[in-house]
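Summary of the model geometry
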Amino acid sequence: MQIVNELPDKYEFFALFQTTGWDLKFTVDSLFEAISNSWYVLSAYEDGELVGFGRVVSDGVYQAMICDLIVLPDYQGNRIGSRILEELLRKCEQHSIRMVVLMSAKGKAGFYKRFGFVERDSEAPGMIWRGR
């Protein structure tokens, strides 16, 4: 398996994104524009096939958000997500970014806790705005 710091083909990424089951309606082009505006991206390939992806959106100084950490279902459990996450966090550490946040898919919080992520304190809950 190879993990590279480059954008995947937009159609391959769209197919990978579709495997998540996230109820988000985007076009191939709008998703590619989104990932193209990332601060740092990683694409994982097995025999030339895109099997994983992760990205960081950041100001490059003190805040970052990990987005779209996705691994094809048939490849989950093979440390691909772990390797991507480790490298994303390493990139943040290289830039002395200490505030890294993410939103976990349902049932995946335990995965992120293994890397030191903690749930926000109930005194400082996170919030989300989904538009109108």
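Here's what I pulled together on the structure shown here. (Residues numbered from 1 in each chain as written. Predicted model: local features only at pLDDT ≥ 70, side-chain atom pairs only at ≥ 80, totals over all residues. Heavy atoms only, no water.)

1. Here we look at the pattern of salt bridges
As a working rule, side chains carrying opposite charge can pair if their charged atoms are close by. As enumerated under the stated definition, the model contains five salt bridges in all. Notably, a salt bridge pairs K10 with D29, separated by 2.6 Å at the nearest N-O pair. With K10 in helix α1 (residues 10-18) and D29 in helix α2 (residues 28-36), the pair connects residues that are 19 residues apart, well separated along the chain. Judged by its relative accessible area of 47%, D29 is partly exposed. A salt bridge links E119 to K113, with the nearest nitrogen and oxygen atoms 3.0 Å apart. The class of K113 is partly exposed, set by a relative accessible area of 45%. (Salt bridge = Lys/Arg side-chain N within 4 Å of Asp/Glu carboxyl O. Helix = DSSP H or I, 4+ residues; strand = E, 2+ residues; numbered from the N terminus. Buried < 20%, exposed > 50% of the residue type's maximum accessible area, 1.4 Å probe, protein only.)

2. Considerations on unusual backbone geometry
Positive phi, normally seen in glycine, also occurs at D47, with a value near 50 degrees. Considering the arrangement of structural elements, one finds D47 in the loop between β2 (40-46) and β3 (49-58). By relative accessible area, D47 is classed as exposed at 79%. A positive phi is found at R79, a non-glycine position, where the angle reads about 70 degrees. Locating R79 in the fold gives a position in the loop between β4 (63-71) and α3 (80-94).

3. A look at the environment of G21
As for its position among the elements, G21 is in the loop between α1 and α2. Counting along the chain gives 18 residues from G21 to I3, while the straight-line C-alpha distance between them is 24 Å.

4. Side note on the pairing of strand β5 (residues 99-102)
The pairing of β4 with β5 spans four bridges and is classified as parallel. When the sheet's bridge partners are listed, I66 is paired in β5 with L102. A crossover connection joins β4 to the parallel β5 through α3; in handedness this β-α-β unit is right-handed. (Pairing = 2+ DSSP bridges. Right-handed = clockwise from strand over helix to strand, strands pointing away.)

5. Quick word on the sheet that holds β2
With mixed pairing, five strands are arranged side by side in an open sheet as β1-β2-β3-β4-β5. Only two strands of the sheet have a single partner each, and these edge strands are β1 (2-4) and β5. Mean inter-strand twist for the sheet, computed between neighbouring axes without regard to direction, equals 20 degrees. (Axes fitted to C-alpha atoms, helices over the stretch in contact; angles between N-to-C directions.)

The analysis is restricted to geometry; functional conclusions fall outside its scope.
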